[in-house]
Amino acid sequence: MRVDVVSIFPDYLSVLDLSLVGKARQRGLLDLRVHDLRDWTADRHRTVDDTPFGGGAGMVMRPDVWGLAIDEVLEPGGQLVVPTPSGEVFTQRHAEELASAGQLVFACGRYEGIDARVAEHYRAAGVTVRELSIGDYVLNGGEVASLVMIEAVARLVPGMVGNPESLVEESHGAAGLLEYPVYTKPPSWAGLDIPDVLLSGHHARIARWRRDRALERTARRRPDMIAALDPADLDKHDVALLAELGWVPGDDGGLVRA
Ligand SMILES: C[S@@+](CC[C@H](N)C(=O)[O-])C[C@H]1O[C@@H](n2cnc3c(N)ncnc32)[C@H](O)[C@@H]1O
């Protein structure tokens, strides 16, 4: 998979040399290229921004500079990702979709963001443009948001994570639940013992215990995810536990609070 990141702070992206993403680059699983937007400027000051039409505070990034950069970097069939707090909120579903793209180009905004015509222009040209937010808060620039999305996408690229099984039961996976609590050695620490069932070696009981804890944790922390579950995916034990937790089938087939 090819990933290009365009930023006025290319050094910010140097962390992409580390950890699993760095290893994936070394192993050739990820062709990751970082570009300095200012390389596409033509003036002495390497200007990438200007004052906003209509007035107001701050500066806006110029579409002409971005256009030159994207035209050069974007390959046929590549997708353009524009991190912005006004975008759709990025989720694991987006990560899964992005992981199947041949190329992703991340356009890191700064100041008040990128002139809106950039996304409009590439969309009109038939490019898949995704304006995505990593959450309801405002950062100074798109670099951190791009790093978040690149890491979430890259770990889904085949071969990237040593044991693909570890992706299956994770939070926000196909089950639509948060992950159960996890423990390792020592079995007793700070007066806290791990649950006995995890030492039982009884796979079915461990699986049931984990599913119950995942349901409980999700109900407590993310009731929106319980409401989004498909009752067809629940077994009798799930239904009984959810009823104890105050969730029952509603008229429209979904789960509602009792
Ligand atoms: C200061 S922000 C601009 C905020 C913009 N004026 C607004 O109110 O929507 C500068 C850049 O940071 C990035 N950014 C900030 N918050 C973000 C978020 N929650 N998700 C994704 N990108 C974000 C975007 O690239 C954005 O263009």
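Quantities reported herein were computed from a predicted structural model and do not represent experimental measurements.

**A word on the overall build of the protein**
Within the protein, the regular secondary structure consists of nine helices and 11 strands. Radius of gyration (C-alpha) of the protein: 23 Å, far over the 18 Å computed for a compact globule of 258 residues. For the protein, the spread of C-alpha atoms along the three principal axes comes to 70 × 45 × 40 Å. For the protein, the residues scored as buried account for 40% of the 258 residues in total. Within the protein, counting contacts between residues at least 6 apart in sequence, those at least 24 apart form 70% of the total. As presented, the protein carries roughly 14,800 Å² of accessible surface, and 53% of it is formed by carbon and sulfur atoms. With 27 positive and 39 negative side-chain charges, the protein shows a separation of 5 Å between the mean positions of the two kinds.

**Remarks on unusual backbone geometry**
Residue Pro 186 is bonded to the preceding Lys 185 through a cis peptide linkage, with omega at 0°. Note on placement: Pro 186 falls in the loop between α6 (165–168) and β8 (188–189). With phi around 55°, Arg 46 is a residue other than glycine that occupies positive phi space. Locating Arg 46 in the fold gives a position in the loop between β2 (31–36) and β3 (49–50). Unusually for a residue other than glycine, His 172 sits at a positive phi of about 65°. Mapped onto the elements, His 172 comes out in the loop between α6 and β8.

**Concerning the UniProt feature "binding site: S-adenosyl-L-methionine" (unreviewed entry) in the protein**
The positions UniProt marks with the feature "binding site: S-adenosyl-L-methionine" (unreviewed entry) are Gly 109, Ile 134, Gly 135, Asp 136, Tyr 137, Val 138 and Leu 139. Mapped onto the fold, Gly 109 is located in the loop between β6 (103–107) and α4 (117–124). Not counting the four nearest positions on each side in its chain, Gly 109 is found in contact with Met 61, Ile 114, Asn 140, Gly 141, Gly 142 and Glu 143. Turning to its location among the elements, Gly 135 is positioned in the loop between β7 (129–133) and α5 (142–154).

**Here's the deal with the UniProt feature "domain: tRNA methyltransferase TRMD/TRM10-type" (unreviewed entry) in the protein**
When the UniProt feature table is mapped to this numbering, "domain: tRNA methyltransferase TRMD/TRM10-type" (unreviewed entry) covers residues 1–226. Along residues 1–226 the backbone is 33% helical and 18% strand, and the end-to-end C-alpha distance reaches 34 Å.

**Things to note about helix α3 (residues 92–99)**
Here α3 has its buried residues at His 94, Ala 95, Leu 98 and Ala 99. Down the axis of α3, the buried set is contained in an arc of 135°. They therefore lie on one face. The elements touched by buried residues of α3 are β5 (79–89), β6, β7 and α5.

**Looking at the site of the ligand**
Looking at the ligand, there are 18 residues lining it, with Pro 83, Glu 112, Ile 134, Tyr 137 and Leu 139 nearest. Here a nitrogen atom of the ligand sits 2.8 Å away from a polar atom, N or O, in the main chain of Tyr 137. Look at the ligand: alone it shows 580 Å² of surface, and the protein chains cover 83% of it. With three residues, the top contributor of residues to the shell around the ligand is β5. Among the residues making up the shell around the ligand, the classes are represented as nine nonpolar, eight polar and one charged.

**Regarding the side chain of Asp 115**
Looking at where Asp 115 falls in the secondary structure, it is placed in the loop between β6 and α4. Those residues in contact with Asp 115 that lie beyond four places of it in its chain are Val 60, Met 61 and Pro 63.

**A look at the pattern of salt bridges**
Applying the stated criterion across every chain yields a total of 19 salt bridges. Arg 117 is the partner of Asp 115 in a salt bridge, and the nearest nitrogen-oxygen pair spans 2.7 Å. With a relative accessible area of 48%, Arg 117 lands in the partly exposed category. Measuring nitrogen to oxygen at the nearest pair gives 2.9 Å for the salt bridge that ties Glu 216 to Arg 213. Of the two residues, Glu 216 and Arg 213 are both situated in helix α7 (residues 203–221); the distance of three residues between them amounts to about one turn of the helix. The exposure class of Arg 213 is partly exposed, given its relative accessible area of 21%.

**Comments concerning the sheet that holds β6**
Strand order in the open sheet formed by five strands is β2-β1-β6-β5-β7, and the pairing between neighbours is parallel. Every other strand in the sheet has two partners, leaving β2 and β7 as the edge strands with one partner each. Taken over all neighbouring pairs, the strand axes of this sheet differ in orientation by 30° on average, direction set aside. In this structure, β5 lies alongside β6, joined through three bridges in parallel fashion. Each residue of the ladder has a partner; that of Val 81, found in β6, is Phe 106. Packing of α3 onto the sheet brings it into contact with β5, β6 and β7, and relative to β7 it is tilted by some 150°. Along the sheet, α5 makes contact with β1 (2–7), β2, β5, β6 and β7, crossing β5 at roughly 115°.

What counts and how
Residues numbered from 1 in each chain as written. Predicted model: local features only at pLDDT ≥ 70, side-chain atom pairs only at ≥ 80, totals over all residues. Heavy atoms only, no water. Helix = DSSP H or I, 4+ residues; strand = E, 2+ residues; numbered from the N terminus. Rg over C-alpha atoms; globule rule 2.2 N^0.38 Å. Buried < 20%, exposed > 50% of the residue type's maximum accessible area, 1.4 Å probe, protein only. Contact = heavy atoms within 4.5 Å. Areas by Shrake-Rupley, 256 points an atom, 1.4 Å probe, with all protein chains shown as cover. Lys, Arg positive; Asp, Glu negative; His and termini not counted. Charge placed at Lys NZ, Arg CZ, Asp CG, Glu CD. UniProt positions renumbered as here; feature names shortened; annotations may be inferred. Arc of directions from axis to C-beta. Near = heavy atom within 4 Å. Polar contact = N/O pair within 3.5 Å; in protein donor to acceptor, adjacent residues only side chain to side chain. Nonpolar A, V, L, I, M, F, W, Y, C, P; charged D, E, K, R; others polar. Salt bridge = Lys/Arg side-chain N within 4 Å of Asp/Glu carboxyl O. Pairing = 2+ DSSP bridges. Axes fitted to C-alpha atoms, helices over the stretch in contact; angles between N-to-C directions.

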